[in-house]
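Chains, contacts and geometry: an overview
Below are the chains, spelled out letter by letter.
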Amino acid sequence: MTAIVDYGVGNLFSLRSSLLALHEETAVTSDPAEIHAADRVILPGVGAFGDAAEKLRGSGLDRTVIEEAASGKPLLGICLGMQLLFERGFEFGTHAGLGLLKGDIVPMQGTIPPGLKIPQMGWNALTVKRPHPLLRSVREGDCVYFVHSFYADGCEDSLIAVTEYGREMTAVAAKDNVMGCQFHPEKSGKVGLGILKAFCEL
Amino acid sequence: MITKRIIPCLDIRDGRVVKGVNFSTLQDVSDPVSLARRYSDEGADELVFYDITASYEGRSLFTDVLRAVASEIFIPLTVGGGISSVDDFDRVLKCGADKVSVNSGAIRDPALISAAAKKYGSQCVVLSADVKRVDGGYRVFSHGGRVDTGMDAVEWIRRGVSLGAGEVVLNSIDTDGVKKGFDIEMLNALQVDVPVIASGGAGCEEDFIRLFREAPGADAGLAASIFHYGEVSIRELKEKLHAAGVPVRRIA
C-alpha cells in the first residue's frame, strides 16, 4: 500500500487516480499510523516552500516522514514535495527543509538567461545522469510535465536526471530510499505512469 | 529544451461534447472521455474543457465528466466557462482540474484573480481574453466575445498577470473561425513574462509552424474544430513541427 501524505497542500485527485489506475492500493492520509503501516510513502506539494514546510511541521508529519525515511521505506517527493526533501529553500526568505537530501532549493530568477519565462511550465525532456530503478522505463529524450520557479542545486551526490531550461536543472534526485521528481509524474502521460509504476514496485 | 504545446479544446454541454465531432474510429464521438483519451494517445500536451452549460443540473454533469476524464487521463487539464468565484475554482479543482481559466468573471471582478492565485497558486490561474481590433487598438470583449468592455487588451492582460494569473490564453476574435492562421500580429503585440497560449484561426498544420516561428512569445497553440473534424491529426502535426525544427513532445 502507498500512503500519500496529506498535509493540506495541493490537489491530490490526480496523484491518487494515477496510482489507482496502476492498481496500486492507495491511501491519502494525515494519520501517522497509516503512513507507518504503508509499504511506501509519497510526499506531494504545490505552492511556496516556506508555507508548505510550516504546514508539514505544524501537522507533526515532518517527524513521521523523517522516521519512515530512516526506516528504509521508499519515499518519493513530487514537485514541492521533492524540494522539501532538501536542506534549505530560498523562496520568500530562508526556510529549513527536511534535510533528507543534501542541497538547496534556489530561484531560477537570475540563474537562467533573460527571456525564458518563469515558471518553467510545460513538457521538457529528461536526461539521465545515473541509471536508477525509478527511471527504468524512461528513454533518452522522454518528456515530462514541469511547473516550477525554483530548483535543487548543490545536489551532485543525489543527482539522477536533469532537464535543460537555460541551464541544466535537477529533475530527479535520489539517495538510497529517498527519491524526488521535480516534475509531475501524475501529469506526464505514459512516461509519468511508468515512473510511478517503478516506484510502486520498489 | 522546453517544448511547444498543442492543446485541443472541448466544449461540453450537459455532459456531452458539443460541435460536430467527426472521427470514424470513435464509436461515441460526443463522449468526452473517449475523445479525451484519443487526444491524449495522439500526443495532446494538455486538454481544455469549456463548460457551456446554462443549467444547474448541467453543471453537475460537467463535474461528473471532469472526474471521469481526470481518473483516466494523466495530462494537465484546464477548465473554463462560467468561472466567477473562488467557490467555482474549488468545485472544479476537487474534480481533477489542474488549472482554471477565467474570462468574464475576472473582468467583472479582477480581485477573483488575486484571491484564486493566493489560495491555489498562480500556476492554477489562467487568464483567458477574447480580443478584437477596434479603432486601431486591441480591445477586450466579454460574454463570449459579444460585449466590448472598452478596455485595452495589452493593459488588461498585464494587469491580470500582475494580479497573479500564471498563464494567458489570447483568443483573437478577428481570426477565430476564419481558419487562415493564428493572429501573429496580435500575439506579438503582447509581451508578458508568463506562458501564452495562442487561440483562434488554426486551419492547417502550417498555421502552427508559422505560429511558433513568427510569434516567439507563443508557448502553445489551442484549437478545437480542426482536431474534432480530423482535418489535422495531432500526431502528424507534431511530426511536421519536429521536422520544421519546432521543439515538441513526440509520441513513440
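As the structure is a computational prediction, the values presented were derived from the model and not from experiment. Every chain is numbered on its own, with residues counted from 1 as its sequence reads. All chains are assigned letters beginning with A, and all ligands numbers beginning with 1, in the order in which they are written. Owing to the predicted nature of the model, reporting of local features is limited to residues with pLDDT of at least 70; listing and counting of side-chain atom pairs is limited to 80 or more, with chain, interface and lining totals taken over all residues.

Starting at the N terminus, helices and strands are each numbered in turn, a helix being any DSSP run of H or I of at least four residues and a strand any DSSP run of E of at least two. Tallying secondary structure elements over chain A gives six helices and 14 strands in all. Based on C-alpha atoms, the radius of gyration is set beside the globule rule, defined as 2.2 Å times the residue count to the power 0.38. By the compact-globule yardstick of 17 Å for 202 residues, chain A fits well, its C-alpha radius of gyration being 15 Å. Counting only C-alpha atoms, chain A reaches 45 × 35 × 30 Å along its principal axes. A buried classification covers 53% of the 202 residues belonging to chain A. C-beta atoms are placed from the backbone for every residue, and two residues are taken to be in contact when these atoms lie within 7 Å. In chain A, of all internal contacts separated by at least 6 residues, the share reaching a separation of at least 24 is 68%. Three exposure classes are used, all based on how many other C-beta atoms lie within 10 Å of a residue's own C-beta (placed from the backbone): buried at 20 or more, exposed at 12 or fewer, and partly exposed between those limits.

Let us look at the sheet that holds strand 2 (residues 26–29) of chain A. Strand pairing is assigned whenever DSSP detects at least two bridges linking the two strands. Overall, mixed pairing links the eight strands, which are arranged 2-1-3-4-14-13-12-9 (chain A) in an open sheet. Because the sheet does not close on itself, it has two edges, and the strands there are strand 2 and strand 9 (127–128) of chain A.

Our next topic: unusual backbone geometry. For the bond running from isoleucine 118 of chain A to proline 119 of chain A, omega is 5°, close enough to zero to count as cis. Its place among the elements puts proline 119 of chain A in the loop between strand 7 (104–107) and strand 8 (120–125). The backbone of aspartate 135 of chain B sits at a positive phi, close to 50°, despite the residue not being glycine. Inspection of the secondary structure assignment puts aspartate 135 of chain B in the loop between strand 6 (125–134) and strand 7 (137–142). A tally of 5 C-beta atoms within 10 Å means that aspartate 135 of chain B is categorised as exposed.

Attention now goes to the interface of chain A and chain B. Listed by partner, the interface residues are 26 residues for chain A and 24 residues for chain B. Of all the elements in the fold, those that place two or more residues in the side of chain A that touches chain B are helix 1 (13–21), strand 8, strand 10 (143–148) and helix 6 (189–200) of chain A. Polarity classes work like this: nonpolar for Ala, Val, Leu, Ile, Met, Phe, Trp, Tyr, Cys and Pro, charged for Asp, Glu, Lys and Arg, and polar for all others, with Gly in that last group. When grouped by side-chain class, the residues that make up the side of chain A that touches chain B number twelve nonpolar, ten polar and four charged.

Structurally, arginine 158 of chain B is set in helix 6 (residues 153–163). C-alpha separation for the pair arginine 158 of chain B and alanine 224 of chain B, spaced 66 residues apart in sequence, amounts to 26 Å.

Let's shift gears to helix 5 (residues 111–120) of chain B. Residue and element names in this part refer to chain B. Taken together, the buried positions of helix 5 are Leu112, Ile113, Ala116 and Tyr120. Along the axis of helix 5, the buried residues cluster in a sector spanning 100°; they form a single face. Downstream of helix 5 by a residue or two, glycine 121 has a phi angle that is positive, lying close to 95°. Picture the helix axis, draw a direction to every C-beta atom, and the arc is the one those directions span.

All names here are of chain A. Along the chain, the position of isoleucine 195 falls in helix 6. The buried category is assigned to isoleucine 195, around which 26 C-beta atoms lie within 10 Å. It is 9.6 Å that separates the C-alpha atoms of isoleucine 195 and cysteine 181, two residues lying 14 residues apart in sequence.

Residues and elements named next belong to chain B. Within strand 1 (residues 5–13), eight of the nine residues are buried, which leaves it mostly tucked inside the rest of the structure. Strand direction decides the pairing type here: strand 1 and strand 11 (residues 218–223), joined by four bridges, are parallel. Looking at strand 11, one finds that isoleucine 7 is bridged to leucine 222. Bridging between strand 1 and strand 3 (residues 47–51) involves four bridges; their strand directions are parallel. In the strand pairing of strand 3, cysteine 9 is matched with valine 48. Where strand 1 lies against strand 2 (residues 16–17), two bridges are found, and the strand directions are antiparallel. Note on strand 2: the bridge partner recorded for arginine 13 is arginine 16.

Our focus in this paragraph is the environment of isoleucine 4 of chain A. Residues and elements named next belong to chain A. Its location among the elements puts isoleucine 4 in strand 1 (residues 2–5). As for isoleucine 4 and leucine 98, which are separated by 94 residues in sequence, their C-alpha atoms are 17 Å apart. Apart from the residues within four sequence positions on either side, isoleucine 4 is in contact with Leu12, Leu15, Arg16, Thr26, Val28, Ile42 and Pro44.

Residues and elements named next belong to chain A. The strand order across the open sheet built from four strands is 6-5-7-11, with neighbouring strands paired in mixed fashion. Each of the sheet's edge strands pairs with one partner strand only, and the pair in question is strand 6 (95–96) and strand 11 (150–153). As paired elements, strand 7 and strand 11 share four bridges and run antiparallel to each other. Considered in strand 11, the bridge of aspartate 104 is made with aspartate 153.

The subject of this paragraph is the nonpolar core. Under the definition applied here, buried Ala, Val, Leu, Ile, Met, Phe, Trp, Tyr and Cys residues are grouped into a nonpolar core through C-beta atoms within 7 Å. By size, the foremost hydrophobic cluster in this structure holds 81 residues, and its most contacted members are Leu66, Val100, Val168, Leu170 and Ala198 of chain B. Those residues in contact with valine 100 of chain B that lie beyond four places of it in its chain are Val79, Ile83, Phe89, Val92, Leu93, Cys124, Val125 and Val126 of chain B.

Glancing now at helix 6 of chain A. What a helix should span is 1.5 Å times the count of its residues minus one. For helix 6 of chain A, which comprises twelve residues, the first-to-last C-alpha distance of 17 Å matches the rise-based estimate of 16 Å (1.5 Å per residue) to within 8%. Among the residues of helix 6 of chain A, Gly189, Val191, Gly192, Gly194, Ile195, Leu196, Phe199 and Cys200 of chain A are the ones counted as buried.

All names here are of chain B. The geometry of helix 3 (residues 86–93) relative to helix 5 is characterised by a closest axis approach of 9 Å and an angle of 40° between their N-to-C directions. Relative to helix 5, helix 3 is oriented oblique. Note on packing geometry: the crossing formed by helix 3 with helix 5 is right-handed. Facing helix 3, whose interface residues are Val86, Phe89 and Leu93, helix 5 presents Ala115, Ala116, Lys119 and Tyr120. Split by residue class, the contact of helix 3 with helix 5 holds six nonpolar, no polar and one charged. Geometry is summarised by axes, namely lines fitted to C-alpha atoms with helices restricted to the contacting stretch, and by angles between N-to-C directions that run from 0 to 180 degrees. By the definition adopted for this analysis, an angle is roughly parallel if under 35 degrees, roughly antiparallel if over 145, roughly perpendicular if from 65 to 115, and oblique otherwise. Crossings are sorted by hand: turned counterclockwise from the far helix by less than a right angle, the near helix makes the crossing left-handed, and turned clockwise it makes it right-handed.

Residue and element names in this part refer to chain B. Residues Val196 and Ala198 point to one face of strand 10 (residues 196–199) and Ile197 and Ser199 to the other, with burial holding for every one of them. By the bridge criterion, four bridges tie strand 9 (residues 167–172) to strand 10 in an arrangement that is parallel. Bridged to valine 169 within strand 10 is isoleucine 197. Look down the strands so they point away from you; if the path from the first strand over the helix to the second goes clockwise, the crossover is right-handed. Each parallel crossover has a hand, and for strand 9 linked through helix 7 (residues 184–189) to strand 10 it is right-handed.

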